[in-house]
Amino acid sequence: MSTVPADARIIDRGYRPYDGPRLGAAGAVRSLIRHTVQRVLGLRRPFQYKVLPLLSAGIAYIPAIVFVGLSALIKDDRVRQGFLPTYGEYYGFIVSALIVFASFVAPEALCPDRRTGMLGLYLAAPFTRASYVASKVSAVLGLLAIATLGPPLLMVIAFILQGQGPDGPLNVVTLLLRVVVSGTLVAAVYTSVSLGISSLTDRRAIASAATLLTIVGTGAVTGVLVDGVGVGEWLHLFNLSAAPFLLVRHIFGEPTDIEIDTLPLVLGNLFWIVLGMGTIWWRYRRIEVTK
């Protein structure tokens, strides 16, 4: 017969009401955005989960840091203008890093919740399907904006401090607006496409591979059709590795080798954004979860 230790106690404290802050649905959305960002960047996770996201985002900044340093060293304006890229051309140096980053971020943000069953817990309360999707879109868009907005803004600020920026407050504000619009555009296109693809599977590896294949594949196919078959250059509107950056060049008023007007480029990029957002919304309206 077992004996009960002399110091054993049963304490019945009863139920206590929650008296902490009540943040409501808006607080839940902010919490999910913060959690998603932490998960994607590998924060509070082992080191191996931090390598790829930080490396991909860091690569986007390396050319900007190099160009800022060269700008400070090169004193001849003619040499500097011939050597340094324009703001629109800069994206050509980081397009590969952006594609890899986009292929990693969205699957990591979206797929685990369905695979582990967390989606049902989120939708139990206080999230709706719309607020859940909005939280994920906001998190991924913000993460991609780190790589699409940060480097050009770094260059603008550094050039201004070096006395090599635009003349006058109005020109500075105009340049900053162009940088913000351009960076947001690229982030929005890749956010929409990568999330749309990731919503179709709960496996991160498949979603990452499909996103990478879609972005790179559209570039390869349109290149073959335009350069090899002779289809019109308008087909580059469906080239995910080129269409956003062609519109960026138009935003900065820079010439391009591909002759497509601004309006078709706007509509082409808007097509990808609507297609991606429509896919994720269609998928999450139909998906069945156990609450």
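Since this is a predicted model, take the numbers as computed values, not measurements.

A.B. asks: Before we go on, may I ask you to explain a negative patch on the surface in this structure?
C.D. replies: A surface patch of negative charge is lined by Asp227, Glu233, Asp257 and Glu259. Secondary-structure assignment places aspartate 257 in the loop between α9 (243–251) and α10 (262–286).

A.B. asks: Which parts of the structure should I look at to understand the pattern of salt bridges?
C.D. replies: Oppositely charged side chains can form a pair if their charged atoms are brought close together. Inspection of the entire model under this criterion finds six salt bridges. Glutamate 108 is paired through a salt bridge with arginine 45; the nearest N and O atoms lie 3.1 Å apart. Placement of the pair is glutamate 108 in helix α4 (residues 87–116) and arginine 45 in the loop between α1 (24–41) and α2 (48–73), with a sequence separation of 63 residues. For glutamate 108, a relative accessible area of 7% puts it in the buried group. Arginine 45 sits in the buried class, given a relative accessible area of 18%. Glutamate 254 is the partner of arginine 249 in a salt bridge, and the nearest nitrogen-oxygen pair spans 2.9 Å. The same class applies to arginine 249 and to glutamate 254, which are both buried. One network of salt bridges, in which partners are shared, links Arg39, Arg45, Glu108 and Arg204.

A.B. asks: Looking at this model, I keep getting lost on the packing of α1 against α4. Mind explaining?
C.D. replies: When two helices pack together, their arrangement is given by the angle between the helix axes and the distance between those axes. Running from amino to carboxyl end, α1 crosses α4 at an angle of 125°, the nearest separation of the two axes being 9 Å. With respect to α4, the element α1 is oriented oblique. Crossing of α1 against α4: the hand is right-handed. For the pair formed by α1 and α4, the contact residues are Thr36, Arg39 and Val40 on the first element and Phe104, Val105, Glu108, Ala109 and Pro112 on the second.

A.B. asks: Honestly, the environment of isoleucine 251 in this entry has me stumped. Any pointers?
C.D. replies: Inspection of the secondary structure puts isoleucine 251 in helix α9. With a relative accessible area of 21%, isoleucine 251 lands in the partly exposed category. Each C-alpha atom of the pair isoleucine 251 and glycine 88 lies 8.2 Å from the other, and the pair is 163 residues apart in sequence. Leaving out residues up to four positions away in the same chain, isoleucine 251 has contacts with Arg178, Val181, Ser182 and Leu185.

A.B. asks: Would you take a moment to explain the packing of α9 against α10 for this structure?
C.D. replies: At a closest axis distance of 9 Å, the pairing of α9 and α10 adopts a crossing angle of 140°. With respect to α10, the element α9 is oriented oblique. α9 and α10 meet at a crossing whose hand is left-handed. Touching Ala243, Pro244, Leu246, Leu247 and His250 of α9 are Thr262, Leu265, Val266 and Asn269, all from α10.

Parameters at a glance
- Residues numbered from 1 in each chain as written.
- Predicted model: local features only at pLDDT ≥ 70, side-chain atom pairs only at ≥ 80, totals over all residues.
- Heavy atoms only, no water.
- Patch = residues over 30% accessible without salt bridge, like charges linked within 9 Å, V, L, I, M, F, W, Y side chains within 5 Å.
- Areas by Shrake-Rupley, 256 points an atom, 1.4 Å probe, with all protein chains shown as cover.
- Salt bridge = Lys/Arg side-chain N within 4 Å of Asp/Glu carboxyl O.
- Lys, Arg positive; Asp, Glu negative; His and termini not counted.
- Charge placed at Lys NZ, Arg CZ, Asp CG, Glu CD.
- Helix = DSSP H or I, 4+ residues; strand = E, 2+ residues; numbered from the N terminus.
- Buried < 20%, exposed > 50% of the residue type's maximum accessible area, 1.4 Å probe, protein only.
- Axes fitted to C-alpha atoms, helices over the stretch in contact; angles between N-to-C directions.
- Parallel < 35°, antiparallel > 145°, perpendicular 65-115°, else oblique.
- Left-handed = near helix turned anticlockwise from the far one by under 90°.
- Contact = heavy atoms within 4.5 Å.

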